[in-house]
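# What the coordinates show
Spelled out from the first residue to the last, the chains are:
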Amino acid sequence: MIQIENINVSYQQTLALDNITLNLEGPSITGIIGPNGAGKSTLIKALIGIIPHSGKILFNKQPIRQQLNRISYVAQKADIDFNFPITVRECISLGLYPKTKFFKRLSKSDWSKVTDALTLLGLNDLAHRQISQLSGGQFQRVLIARCLVQEADIILLDEPFVGIDSVSEDIIMNTLRELRDKGKLILIVHHDLSKVPHYFDQVILLNRKLIASGPTNLVFNEDNLRKTYGNSL
Ligand code: ADP
Ligand code: MG
């Protein structure tokens, strides 16, 4: 599905990603694991083309940057503006705009997609609340609902579970599993190692260089974790 070939990313003096080559096959829920500063967010940003890089990234054998409409992305919380004055329902509906013309009103069937996503993520009672009035877990569910209505093939989530309640985390994971079962490729930057075997079919272990990637039961072992985290483990 996705081929990453010889990707290098530098910020001024820092080499954030050092010659990353790997293939990702969907459907799957794949974890991107590594210490702070390992280049996890940078890898996701390279995938969606918002960071200059050398090398090639292909989706179904064509350059991914020509197919960004097939990707949904939720940034790390620190990068999202919580205070934008819109309601939950409006925020979710924004996921439809890559397909609908921005100045056009949404159709009945568009709004029914929004309603389905609200229901799936347990947000019906909050539909008309301002997003600034939500808990962290509720807001993260809104962002996942927005991905859902986008109907992309690839879903990229950067640390979606940081600082959220366990009920929201379970609802989100169950939603992602359903999406995986419908054929999607889901990539999640994650740092709670204890949940890795439970959450991910595949993992990418990263520390500037690619340490290992593949099925979790083969790759997520002590030896590779030591190579990824060094003695800080
Ligand atoms: P991670 O998500 O794994 O914590 P990042 O991809 O955010 O790591 O960052 C990788 C490295 O690149 C870090 O050393 C970070 O300080 C550096 N970096 C990230 N973004 C920038 C930026 N915009 N300018 C300069 N350096 C950056
Ligand atoms: Mg990050």
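Quick summary incoming for the structure in this document. (Residues numbered from 1 in each chain as written. Chains lettered and ligands numbered in written order. Predicted model: local features only at pLDDT ≥ 70, side-chain atom pairs only at ≥ 80, totals over all residues. Heavy atoms only, no water.)

### What about unusual backbone geometry?
Between Gly26 and Pro27 the backbone carries a cis peptide bond, its omega angle lying at -10°. As for its placement among the helices and strands, Pro27 is situated in the loop between β2 (14-24) and β3 (28-33). With a phi angle near 55°, Asn6 is a residue other than glycine that sits in the positive phi range. Its place among the elements puts Asn6 in strand β1 (residues 2-11). With a phi close to 75°, Lys61 is a non-glycine residue in the positive phi region. Residue placement: Lys61 occurs in the loop between β4 (54-59) and β5 (62-63). (Helix = DSSP H or I, 4+ residues; strand = E, 2+ residues; numbered from the N terminus.)

### Overview of the coordination of the magnesium ion (ligand 2)
For a metal with four donors in a tetrahedral arrangement, the ideal angle between donors is 109.5 degrees, while six donors in an octahedron ideally sit at 90 or 180 degrees. Summarising the metal site, the magnesium ion (ligand 2) is bound by the protein donors Ser41 (OG) and Gln76 (OE1), whose distances to it range over 2.0 to 2.6 Å. Linking Ser41 in helix α1 (residues 40-47) with Gln76 in the loop between β6 (71-74) and α2 (88-93), this pair joins segments that are 35 residues apart in sequence. Judged by its relative accessible area of 27%, Gln76 is partly exposed. (Donors = N, O, S within 2.8 Å, 3.2 Å for Na, K, Ca; no water. Buried < 20%, exposed > 50% of the residue type's maximum accessible area, 1.4 Å probe, protein only.)

### Observations concerning the site of ligand 1
The local shell around ligand 1 consists of Tyr11, Gln12, Thr14, Ala16, Pro35, Asn36, Gly37, Ala38, Gly39, Lys40, Ser41 and Thr42. Backbone polar atom of Gly39 to an oxygen atom of ligand 1: 3.0 Å apart, as the coordinates give it. Contact distances for ligand 1 include 2.9 Å between an oxygen atom and a side-chain N or O atom of Ser41. Within the complex, the protein chains bury 62% of what would otherwise be the 560 Å² of accessible surface of ligand 1. (Near = heavy atom within 4 Å. Polar contact = N/O pair within 3.5 Å; in protein donor to acceptor, adjacent residues only side chain to side chain. Areas by Shrake-Rupley, 256 points an atom, 1.4 Å probe, with all protein chains shown as cover.)

### Some words on the packing of aromatic side chains
To describe a pair of aromatic rings, you give the distance between the ring centres and the angle between the ring planes. For the structure shown, the criterion picks out two aromatic pairs. Here the aromatic rings of Tyr199 and Phe200 are separated by 6.1 Å at their centres, their planes lie at 90°, and the arrangement is edge-to-face. Ring pairs connect the aromatic residues Phe161, Tyr199 and Phe200, which therefore count as one cluster. (Phe/Tyr/Trp six-rings, centres within 6.5 Å; stacked < 30°, edge-to-face > 60°.)

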